[in-house]
Amino acid sequence: MSLSAFPGFPGFPAFPAHGSAPPSDPAATPTPAESAAYITSLGKPTAAEVLDRCRARGRVAIQPRCGVGGHEEMKALLATLEAEAAPDILTLTIDSHTRLLRFEEALRTLNLRPADLNGYPMVAHGWRRGRELNELIEAPLEIRHGSPDARILFDVSVASGITSFEGGGISYNLPYSKAVPLAESLGAWQDVDRRCGELAEHGVVIDRELFGTLTAVLVPPSISLAISVLEAVLAARAGVRCISVAYPQGGHLAQDVAALRSIPVLAERYLPAGVTVHAVLHEFMGVFPRQRDNAEDLIFYGALVARLGGASKLITKTHQEAYGIPDTAANVEGLRLADRANSPLLDFITVDDDQVQREMTWILDEVADLVEPLLERADLIEAIIEAFAEGRLDIPFSASRYARSDLIPRRDPSGAIRYLSTGELPFSSAHVRRNTELLHAVDGPDPALDALMRGLTGDINHFRHVFQEEEPATPAPRSAPRPVSAARTPPTEEPI
Amino acid sequence: MSLSAFPGFPGFPAFPAHGSAPPSDPAATPTPAESAAYITSLGKPTAAEVLDRCRARGRVAIQPRCGVGGHEEMKALLATLEAEAAPDILTLTIDSHTRLLRFEEALRTLNLRPADLNGYPMVAHGWRRGRELNELIEAPLEIRHGSPDARILFDVSVASGITSFEGGGISYNLPYSKAVPLAESLGAWQDVDRRCGELAEHGVVIDRELFGTLTAVLVPPSISLAISVLEAVLAARAGVRCISVAYPQGGHLAQDVAALRSIPVLAERYLPAGVTVHAVLHEFMGVFPRQRDNAEDLIFYGALVARLGGASKLITKTHQEAYGIPDTAANVEGLRLADRANSPLLDFITVDDDQVQREMTWILDEVADLVEPLLERADLIEAIIEAFAEGRLDIPFSASRYARSDLIPRRDPSGAIRYLSTGELPFSSAHVRRNTELLHAVDGPDPALDALMRGLTGDINHFRHVFQEEEPATPAPRSAPRPVSAARTPPTEEPI
Amino acid sequence: MRITSHQEPTARTVILGVAASDSHAVANHLIAYSLRGLGFDVVNLGTCTPVEEFAEACVRHPDAEAVVIGSLNGHIHEDLRGLDRAKQSGRITCPVIVGGNLSVGSHKGGTSHDRLYAAGVDHILSDPAELPGLLDALRAERAGAAANRTGLAAS
Amino acid sequence: MRITSHQEPTARTVILGVAASDSHAVANHLIAYSLRGLGFDVVNLGTCTPVEEFAEACVRHPDAEAVVIGSLNGHIHEDLRGLDRAKQSGRITCPVIVGGNLSVGSHKGGTSHDRLYAAGVDHILSDPAELPGLLDALRAERAGAAANRTGLAAS
Ligand code: B12
Ligand code: B12
């Protein structure tokens, strides 16, 4: 398919998107200079400014995930979230066709059944509609997606006046696609980062958030942070001036707080001075409890972890997380609940600083082992590609062929995420030994593969166990799913 | 007016209550034995059982305030609260006509404009409707009211199968009426307590909750607890077997936690062995913040205080507290938010135990000074009446002539409630000196009366200040009140 | 014509109280204090004061400039039943001012104020800080009316 | 007539993958592991697998007992476009089983399943634990059908 088939792109042939066709002549996407001028003219704060302001006030900025297919629906969603929960930053979550450059599929679904899209197909809608969204609300917007190659999406976003853009050449490749070589995604993201540098020269600082969440399930903190450090170094070298390092809540208080508090230390250590770095927490990104009360307990807890870890921003979840993309009411409720952790009445809540300090030392040492050999290399991109190929960098549960997933994470008895197997990761023997010792109590040494899988599954379902939710999936809220099991299996007719 | 004019009372002449008249022949209220048999037959747990169960599980039971005039509306309210927030115990809050035996006014308003009632007029509706409410829901019910003389209400409640009843001869007199002599209210409540004893003999333990909240505004913990101790001793002597001692959150973490943790110590010290005593926290009972976020912060904080103080139960507030009786949705939200403080993920939250210990010592010593001279007396009721007359017992901001309100409370710089003036309270000079010292920083010694009133007003508005809500009252949510100021004042026509 | 003001007693009397079914005391305590601070002679009937008790106080204090009634619990309408009769019968002659929380529920703005005016209330205030201003205005008005009367009689 | 079962290869092949636009990998990793544990030869195509890729795998593995497709992101409908054609053209002949989260949104129970059946899906499961049972049932059914065919031909 050809790009020119889309609104906002040269040669757009009046493809009708849902609702009404984009209102105006679909001439070329504005140049970076034009977009920068538009952004300045808007008179609304950029995401980077909001993050600075929140950090100065000691407030964790609150941001939802939110994206629906139709344009009018997206407008209603944003307006309602702002009216009822006033998040500091708002989001356009992009559908997964668009993420994978399946623009044709995105547009077809948009035209046939927009509610079937799991996000806002930004490229299909085009930058003029993007501006409409942006002008509708007071909060700055971020694009959250998962695109190994986000160049087109980036241009549409910036043209829409959007000042925060998530992703990275590793973190938006390995969890989000199967067969995109790292060289391609890293190259594409270098382009995005360079465009951020260009915009900065025009006076607009784009907040570039790195997706340290990766595959979200049992990601050891040092893996998340090491990959963010590498992406951050690449971004800074390309001219990015504001970097948000996102870390996914793993579920262990001291470890999560330590990971968040490590972010400024790592920034100091590995990044050039002129770059602003913010720590961001993603509320628990793994298997969520199914019962509303339990999900809400976890949402509040996540927000408290962000506060205690000194995060600049929190990305919230909703009590419908286990079921599907949340409705607007659940999203509002999640935001409002999370914001309670910003309460001035909770100043008295503290963490065990010794324990946090110990976790921090471990995390920082492990990150150093992972990134320092690579940062020494002349061509960092080449070094990263090689490292993944050889397992010196790795992630668990990779969606992509380009990571080996040889590392095996497990929870220790206190719930912290450790390495059961470090694969080829270049850890000092002290780290390997410590991890082995911490996990010893879990299954004993060298568990059988079966016990390992059971154990892993238990670890994945950690919070369902904490809340003693019984294993058989409880039905979805309100409208229960109809029984599905082998409904159309024809009865087995045994010949007599 | 005559009592016989009411359903549920002998001779009821078919006075139509709102909705439809009570369905059946309005014969005499059941006897205690009949009521006890009915309660046993219901097969639902009593309030006392729920409290025991929650305490055993380490869960703070959650209970709303809720009461509306119409019977159908009350049914809908209870059913919705149970369906959407599943409180451990539910409430019938009684309207203030009924509280003051103004049964005729209650019935008239019920018939003309039931929504004008600030609670459920239980006596007007009668015990058959009470049973209907009780049978509608799974949670046990408590009657919350404010009646100096609650005997009729008690009989209707027990006949309705309701197993928890709030009040006391001091705590439901002084804050709730102007001219009822203490002898009368204490006598009437002795009757209620004796009826509880009788029911206990029939196998039904009524939870008798004492309203330590008193006038709710700047009540020093030792005053609240001393009065509860006296009421508890009277109740226990009359045969009550389950006593809930309610304490109003004052707003200072260590002081509130200390007050709650003092309750089992006081029970141990002053009550006979066979009596079960539960600590109950009322979420902040003074001037509430007006902005929803701030009100919600306070609601969650209160619930956390209950948990940290080891309370068996929490009475919740809503984000509409500053405006008026909440709508159902706000009530649900308040309950759900408070319940988050029961989260198993918050085990790590602790208080400064040294500070709590210090506050506890002070509270227990002050309570001893207040109650021990009275407990020694042969006639405790007489001793109490005398003490109030002479100011040896006192409450701030009394609604009643029968307390002197000579004591002046103030907040110390940390927000804890202290005694600026102890009036005639029989405190040891050490206590008086400590209070004086703690308050010294507030206004200096002997503030001018003007400064005192300004200071007191500031203390009353404590949480509005904490949240930096500007003084001019912000408009009510959604429907703003129309401007009222001197609307009908005829223009002043100066003669020329 | 300024003579009318000389005819008024120097201590200005105000009758204060909280409505019949209402025991909220705090605002009442504070309002009494601040009016006294301004030199008013406050007859504070306190909480739970029926119309009848206000009327009796008016009869005892014929010089009272106003009856000031607080109501917080939402029951003001039923609690002021009989106010119009007390005024018609001449037992309450001075203006009646009410303030507080004048309906049940969190969503205000219904017909509550109209109903109160219809029931015999003269002025509704939201903030006690407006009280002294209103009392002064009422006094000026009365003085004006008296002046007018005097003037008319003289002309 | 039990001869048909002898004709089946001993290693039972299953083709596994996640739908075209969907990169959720965890359940896929776990399902592959557990089927292998049960002795299946799992051809795991992994995440982001278009229908065309499933069809090619079927052509490469004509003995495959089923194509098992996971979808979590709600895009199963668009992602399976072309499945009916692949079946009609004979490139996918074995039953197609899907499971996961089969629509966008938190309120389930619409027409999603009907649409999937209409699009060429044979079986919808909610729990991966049901997979081995269904695969066995399908095998038995096939054996039965084959037996019937053989029987018919022989008679
Ligand atoms: C981890 C996770 C991610 C990770 C995935 C990392 C990776 N590469 O694997 C990341 C963060 C990258 C991610 C991304 C996205 N995710 Co996601 N994700 C989750 C999460 C939190 C857990 C999924 C998981 O791994 N569970 C563990 C495994 C073992 O269980 P499972 O996947 O739930 O599968 C169970 C059943 O579904 C079933 N099952 C699964 N597959 C199959 C197959 C067969 C044949 C059978 C019989 C059964 C079966 O068995 C499993 C065990 O019970 C869920 C929410 C949740 N459950 O709590 C959301 C969730 C699945 N994600 C969702 C979405 C929408 C996305 C995105 C599209 C982003 C967006 N728009 O919000 C992107 C995907 C981009 C893309 N191209 O697909 C939605 C799906 C919404 C819907 N259907 O309405 C969910 C439900 C979250 C939500 N509430 O919005 N996600
Ligand atoms: C403390 C309190 C109590 C204490 C009162 C102790 C006592 N004896 O004084 C206790 C716990 C006993 C209590 C009981 C009840 N209360 Co109460 N109480 C409060 C609370 C928390 C604070 C009131 C207070 O003292 N404020 C401090 C003073 C200085 O301010 P204020 O009273 O709000 O008054 C301000 C204005 O209204 C105005 N104002 C007040 N009076 C006057 C008079 C004039 C002339 C003017 C001009 C202005 C004016 O000026 C003040 C300063 O701005 C309020 C909620 C809130 N505001 O946060 C509820 C509240 C007033 N109570 C309420 C109710 C309903 C009751 C009960 C009827 C119980 C029930 N059904 O829920 C009973 C009353 C029983 C009875 N017979 O009246 C409701 C009123 C609801 C409504 N109108 O819709 C409120 C709003 C709570 C709520 N959201 O439900 N209460």
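Scope of this entry: the structure provided in the associated data block. (Residues numbered from 1 in each chain as written. Chains lettered and ligands numbered in written order. Predicted model: local features only at pLDDT ≥ 70, side-chain atom pairs only at ≥ 80, totals over all residues. Heavy atoms only, no water.)

Section: the interface of chain B and chain A
Rules: Note on contacts: a residue pair qualifies if any of its non-hydrogen atoms lie within 4.5 Å across the two residues. The buried area of a pairing is the accessible area, by a 1.4 Å probe, that goes missing from both parts when the two are put together, added over both. In what follows, salt bridge is the name for a side-chain nitrogen of Lys or Arg lying within 4 Å of a carboxyl oxygen of Asp or Glu. Under this definition, polar contacts are N or O atom pairs within 3.5 Å; protein pairs additionally need one hydrogen-donor-capable and one acceptor-capable atom, and for neighbouring residues in sequence, both atoms have to be side-chain atoms. Counting from the N terminus, the helices are DSSP H or I runs at least four residues long and the strands are E runs at least two residues long.
Facing the 24 residues of chain B at the interface are 24 residues of chain A. Together, the buried faces of chain B and chain A total about 2,100 Å²; carbon and sulfur atoms form 68% of this surface. When the area that chain B buries against chain A is broken down by residue, the three leading residues are Arg340, Leu345 and Phe348 of chain B, summing to 31%. Linking chain B to chain A there are 10 salt bridges. Residue Glu296 of chain A pairs with Arg340 of chain B through a salt bridge whose shortest N-O separation is 3.2 Å. Our enumeration of links across chain B and chain A arrives at 10 residue pairs in polar contact (both at pLDDT 80 or more). Put simply, the parts of the chain that give the side of chain B that touches chain A at least two residues each are α12 (292–308), α13 (328–340) and α18 (462–466) of chain B.

Looking at the relation of the copies chain B and chain A
What counts is decided by this rule: Our superposition of the copies is a least-squares fit, built on the C-alpha atoms of residues whose pLDDT is at least 70 in both.
Laying chain B over chain A is done by rotating through 180 degrees and shifting 0.0 Å along the axis; what remains is an RMSD of 0.0 Å. Within this description, the copies of the chain are treated as partners about a two-fold rotation axis. Across chain B, the rotation axis passes nearest the C-alpha of Ile349 of chain B, at a separation of 3.0 Å. Of the interface residues in chain B, 100% have counterparts in chain A that sit at the interface too, so the contact is made through matching surfaces.

Some points on the nonpolar core
Inclusion rule: What makes a nonpolar core is a set of buried Ala, Val, Leu, Ile, Met, Phe, Trp, Tyr and Cys residues whose side-chain atoms join them at distances within 4.5 Å. Per-residue accessibility, obtained with a 1.4 Å probe over protein chains only, is compared with the maximum for each type, and a residue is labelled buried under 20%, exposed over 50%, and partly exposed between these values.
One finds Leu92, Ile223 and Ile243 of chain A together with Leu92, Ile223 and Ile243 of chain B to be the most contacted residues of the largest nonpolar core, which totals 254 residues. In contact with Ile243 of chain A, other than residues within four places in its own chain, are Asp207, Arg208, Leu210, Ala232, Ala235, Ala236, Val275, Thr276, Val277 and His278 of chain A.

Points about the site of ligand 2
For the record, the criterion: Summary of the distance rule: residues count as near a molecule or strand when at least one heavy atom falls within 4 Å of that molecule or strand. Residue classes follow a fixed rule: Ala, Val, Leu, Ile, Met, Phe, Trp, Tyr, Cys and Pro count as nonpolar, while Asp, Glu, Lys and Arg count as charged, and any other residue, Gly among them, counts as polar.
Around ligand 2 lies a shell of 45 residues, among which Glu321 and Gly324 of chain B together with Ser23, His24 and Ala25 of chain C are the nearest. One nitrogen or oxygen atom from the main chain of Ser21 of chain C is found 2.9 Å from a nitrogen atom belonging to ligand 2. For the shell around ligand 2, the secondary-structure elements that each account for two or more residues are α4 (96–99) of chain B together with α2 (26–37), β3 (66–71) and β4 (96–100) of chain C. Here the shell around ligand 2 is composed, by residue class, of 22 nonpolar, 19 polar and four charged.

Overview of the side chain of Ser21 of chain D
Within the secondary structure layout, Ser21 of chain D lies in the loop between β1 (13–18) and α2 (26–37). At 3.2 Å, the side chain of Ser21 of chain D forms a polar contact with the side chain of His75 of chain D. At 2.8 Å, the side chain of Ser21 of chain D forms a polar contact with the side chain of Asp79 of chain D. Among residues more than four places away in sequence, those in contact with Ser21 of chain D are Ser96, His97, Leu100 and Arg102 of chain A together with Asn73, His75 and Asp79 of chain D.

A look at the pattern of salt bridges
For the structure shown, the criterion picks out 92 salt bridges over all chains. Residue Glu142 of chain A pairs with Arg144 of chain A through a salt bridge whose shortest N-O separation is 2.7 Å. The pair Glu142 of chain A / Arg144 of chain A is uniform in exposure class, with both members buried. Its salt-bridge partner being Glu469 of chain B, residue Arg464 of chain B comes within 3.0 Å of it at the nearest N-O pair. Across this residue pair, the class does not change: Arg464 of chain B and Glu469 of chain B are buried. Several salt bridges share partner residues, and in doing so they unite Arg292, Asp293, Glu296, Asp297 and Glu333 of chain A together with Arg59, Asp88, Arg336, Asp339 and Arg340 of chain B into one network.

Things to note about the packing of aromatic side chains
All names here are of chain A. Condition: Pairing of aromatic rings covers Phe, Tyr and Trp, the last counted by its six-membered ring, and requires centre-to-centre distances within 6.5 Å; plane angles under 30 degrees mean stacked, over 60 mean edge-to-face, and any other angle means tilted. We call a charge positioned above a ring when the Lys NZ or Arg CZ atom is no farther than 6 Å from the ring centre and deviates by at most 35 degrees from the ring normal.
Scanning the model with the defined rule gives 21 aromatic pairs over all chains in all. Consider the rings of Phe284 and Phe288, whose centres lie 6.4 Å apart with planes at 35 degrees: the pair is tilted. The class of Phe288 is buried, set by a relative accessible area of 3%. Taken together through their ring pairs, the aromatic side chains of Phe154, Phe165, Tyr172, Tyr176, Trp189 and Phe211 make up a single cluster. Here the basic side chain of Arg131 rests over the ring of Tyr38, its NZ or CZ set 3.6 Å away from the ring centre.

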